[in-house]
Amino acid sequence: VSEFADDPDMVELVELFVAGIPAQIAKLDAARAAGDPDGVRRLAHQIKGAAGGYGFPTITDAAGRLEATTAGGAPFEEAFAALVQLCRSVRAGAPASARAA
Amino acid sequence: MRANSLKPDSAAPACVLAIDDSPEVLALLSVRLKPEGLKLVTAESYDEGLAMAMELLPDLILLDVDMPEHSGLDLCRRLKEEGATANIPVIFLTGSSDVSTKVHGFDLGAVDYVTKPFHPAELRARVRAALRMKRAQDLLTQRAQIDALTGLRNRAYLDERLAQEMSMAMALGRPLSLIMMDIDHFKNLNDSYGHPFGDLVLQRVGDFLARSVRPCDAVCRYGGEEITLLLTDTPIEGALAVAERVRIQTRELELSPRGQPVMVTASFGVAEALAVLGRTGDKRPSALIVAADEALYTAKREGRDRVQRAQTITPKRDSILRLCPPLTGPPPARRAS
């Protein structure tokens, strides 16, 4: 749940961000399937930069770990799975629109 | 900045350019900065950001330093190298709290940084502080381009503005005219009635000139008793009419040093940029000033208190020789005052 769930300025924006997450996961999957660690790293980088600002610091941390792992050229399956799992568990958390993702 | 009344433009909202490769971060910035009443524009890449900075000349740039391809630090360096953007403050946005990144950013000319995820109140406070500094800096620049005696713009401003207007006029084929005005027998006025009277004449002339041109025109004290009027989008006929009006207004100034009324007159040289280019092939701003100055000299020689249009064709060599007095005695002064 977003840390900004109670912030009226942010409700709409957080919902938009959460609504966009499945598309991000799809892009990550596509990059991994294509054997493109650079693509995975770039996507992880973007998610890292954005998620914290929307009140999801744990996603930022997980994306940061994935970015660092891919940048080092190491196998990144574990970090990848951790990020995707976290993303799937996300919901906006606004009372009016509470929904499980 | 351009109006002839020299008050800072407080009505227009500050323009802030945010550059970040993540659309989500840009959306977040726009919501977080909304209470500030800014005009926020965004770019998602190095190239787009550089192009927008050059075109819009924003008051502040928020720059993500962790961008892929070229890093934001490279972009910061580029912005500081370009004359047009060098003075725009840059706040960088960084996900890392790494000291060396911060130090590097400051060394490249950034004024501040905000770490992501940013706290909304802190972000707004840092943006406000940077904009305050930018306003003070703009005011100083403006002050440095104002003539202390008359309140008109000075020659430094004319040089800068003329270069801009010339390139615009050439690119768009629009007429641009320059009037060079010189108060007649100014030295005699000073000698007869004292320098404070000379200063008063300049001030009175400056006052009505600033009021009688459009905001897009520039009135500058060029030096001594010389004043230039730069008229945008104005063909030579329009400029001649303005000069004639100013000539009459100058004669009509009511001045009474030591209780006795004195009439002050002025002479005018008028030139148009495209005509000067056609005649001389010289695109430089100085060519327009030289052409107006030559016409002013002719107006002085032919009796003063008159308006002279710059010549449009190059005079033949023998006609120049005829105009020149034979070389006996010391060379004549460049211009009668």
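Refer to the structure printed above.
Just so it is clear, the structure is predicted and the values come from calculations on it, not from any experiment.

> How would you explain the overall build of chain B if you had to name every residue and give the values?
Assigned secondary structure in chain B consists of twelve helices and ten strands. Of all 337 residues assigned to chain B, the portion counted as buried reaches 45%. Relative to all contacts within chain B whose residues are 6 or more apart in sequence, the contacts with residues 24 or more apart total 69%. Accessible area of chain B: about 16800 Å², with a carbon and sulfur share of 54%.

> Outline the packing of aromatic side chains, listing residues and values.
All chains considered together, the criterion is met by seven aromatic pairs over all chains. The interplanar angle of 10 degrees and the centroid separation of 4.4 Å between the aromatic rings of A:Phe17 and A:Tyr54 together place this pair among those described as stacked. Here A:Tyr54 lies in the loop between helix H2 (37-51) and helix H3 (57-71) and A:Phe17 lies in helix H1 (residues 11-33), a separation of 37 residues in the sequence. Residue classification places A:Phe17 among the buried residues on the basis of a relative accessible area of 10%. Assessed through its relative accessible area of 2%, A:Tyr54 is described here as buried. Geometrically, the ring pair formed by B:Phe92 and B:Phe106 is edge-to-face, given 6.3 Å between the ring centres and 65 degrees between the ring planes.

> Lay out the pattern of salt bridges in plain terms, naming residues and giving numbers.
Applying the stated criterion across every chain, the model contains 23 salt bridges over all chains. A salt bridge links A:Asp38 to A:Arg41; the shortest N-O distance between them is 3.4 Å. On the criterion of helical spacing, the pair formed by A:Asp38 and A:Arg41 is a turn pair, its members being three residues apart in helix H2. A salt bridge links B:Arg77 to B:Asp74; the shortest N-O distance between them is 3.0 Å. On the criterion of helical spacing, the pair formed by B:Arg77 and B:Asp74 is a turn pair, its members being three residues apart in helix H3 (residues 72-81). Relative accessible area serves as the criterion here: at 31%, B:Asp74 is assigned to the partly exposed category. Ionic contacts of the salt-bridge type, sharing partners, join the residues B:Glu244, B:Arg247, B:Arg251 and B:Asp305 into one network.

> Outline the interface of chain B and chain A, listing residues and values.
As a measure of interface size, the accessible area lost when the parts come together is often cited. Contacts between chain B and chain A engage 14 residues on the former and 15 residues on the latter. When the two sides are added together, the surface that chain B and chain A hide from each other amounts to roughly 1200 Å², 64% of it contributed by carbon and sulfur. On the chain B side of the interface with chain A, the three residues burying the most area are B:Glu24, B:Leu28 and B:Arg32, jointly 41% of the side's total. The tally of links from chain B across to chain A stands at zero salt bridges. Taken together, chain B and chain A are joined by three residue pairs in polar contact (both at pLDDT 80 or more). Each residue belonging to the side of chain B that touches chain A can be placed in one class, and the counts come to eight nonpolar, one polar and five charged.

> An account of empty space enclosed by the protein is requested, with residue identities and associated values reported.
All chains considered together, the criterion is met by two cavities of 30 Å³ or more. Each pocket or cavity is described by its volume, and for the largest cavity that value is around 100 Å³. Every residue along the wall of the largest cavity is listed here: A:Phe17, A:Gly20, A:Ile21, A:Gln24, A:Gln46, A:Ile47, A:Ala50, A:Ile59, A:Cys87 and B:Glu24. If one sorts the elements of the lining of the largest cavity by residue count, H1(A) sits on top with four residues. By residue class, the composition of the lining of the largest cavity is six nonpolar, three polar and one charged. Considered as a void within the structure, the second largest cavity measures approximately 50 Å³ in volume. Looking at the second largest cavity, the residues that line it are A:His45, A:Gln46, A:Lys48, A:Gly49, B:Asp20, B:Asp21, B:Ser22, B:Val25, B:Asp64, B:Asp66, B:Gly95 and B:Lys116. Looking at the lining of the second largest cavity, the element that brings in the most residues is H2(A), giving four residues.

> Give a description of the packing of helix H7 (residues 186-193) of chain B against helix H8 (residues 195-212) of chain B that names residues and reports values.
Residue and element names in this part refer to chain B. Direction vectors running N to C along H7 and H8 enclose 135 degrees, while the axes themselves pass 6 Å from each other. Between H7 and H8, the interaxial angle falls into the category oblique. Of H8, the residues touching H7 (which contributes Phe-186, Leu-189, Asn-190 and Tyr-193) are His-195, Phe-197, Gly-198 and Leu-202. Residue composition of the contact of H7 with H8, by class: five nonpolar, three polar and no charged.

> Could you give an account of the nonpolar core, naming the residues involved and the relevant values?
Residues A:Tyr54, A:Phe56, A:Leu66, A:Leu83, B:Leu29, B:Leu62 and B:Val127 are the most contacted members of the largest nonpolar core, which totals 49 residues. Grouped together as the second largest cluster of nonpolar side chains are 29 residues, B:Phe197, B:Val205, B:Val246 and B:Leu253 included.

> Lay out the sheet that holds strand S5 (residues 112-115) of chain B with the relevant residues and their values.
All names here are of chain B. Across the sheet, which stays open at both edges, the five strands sit in the order S2-S1-S3-S4-S5 with parallel pairing between neighbours. The open sheet has two free edges, formed respectively by strand S2 (39-43) and S5, since each of these has just one partner strand. Between one strand axis and the next, the sheet turns by 20 degrees as a mean value, whatever way the strands run. Where helix H1 (residues 23-33) meets the sheet, its contacts fall on strand S1 (15-19), S2, strand S3 (60-64) and strand S4 (90-94), and the angle it forms with S2 comes to roughly 170 degrees.

> If you had to explain the sheet that holds strand S8 (residues 226-232) of chain B to someone new, which residues and values would you point to?
Residues and elements named next belong to chain B. Spatial ordering of the open sheet is given by S7-S8-S6-S9-S10, a layout of five strands whose pairing is mixed. Unpaired on one side and paired on the other, strand S7 (218-223) and strand S10 (307-309) mark the two borders of the sheet. Going across the sheet, the axis of each strand differs from the next one's by a mean of 20 degrees, ignoring polarity. The pairing of S7 with S8 spans five bridges and is antiparallel. The residue of S8 that forms the bridge with Arg-221 is Ile-227. Against the sheet, helix H9 (residues 236-251) engages strand S6 (176-183), S8, strand S9 (266-272) and S10, with an angle of about 170 degrees to S9.

What counts, and where the lines are drawn
- Residues numbered from 1 in each chain as written.
- Chains lettered and ligands numbered in written order.
- Predicted model: local features only at pLDDT ≥ 70, side-chain atom pairs only at ≥ 80, totals over all residues.
- Heavy atoms only, no water.
- Helix = DSSP H or I, 4+ residues; strand = E, 2+ residues; numbered from the N terminus.
- Buried < 20%, exposed > 50% of the residue type's maximum accessible area, 1.4 Å probe, protein only.
- Contact = heavy atoms within 4.5 Å.
- Areas by Shrake-Rupley, 256 points an atom, 1.4 Å probe, with all protein chains shown as cover.
- Phe/Tyr/Trp six-rings, centres within 6.5 Å; stacked < 30°, edge-to-face > 60°.
- Salt bridge = Lys/Arg side-chain N within 4 Å of Asp/Glu carboxyl O.
- Buried area = accessible area lost by both parts, 1.4 Å probe.
- Polar contact = N/O pair within 3.5 Å; in protein donor to acceptor, adjacent residues only side chain to side chain.
- Nonpolar A, V, L, I, M, F, W, Y, C, P; charged D, E, K, R; others polar.
- 1 Å grid on protein atoms, 1.4 Å probe; cavity = no way out; pocket = protein on both sides within 12 Å on 5 of 7 lines; lining within 4 Å.
- Points joined across faces, edges and corners; volume = space filled by probe spheres on them.
- Axes fitted to C-alpha atoms, helices over the stretch in contact; angles between N-to-C directions.
- Parallel < 35°, antiparallel > 145°, perpendicular 65-115°, else oblique.
- Core = buried A, V, L, I, M, F, W, Y, C linked by side-chain atoms within 4.5 Å.
- Pairing = 2+ DSSP bridges.

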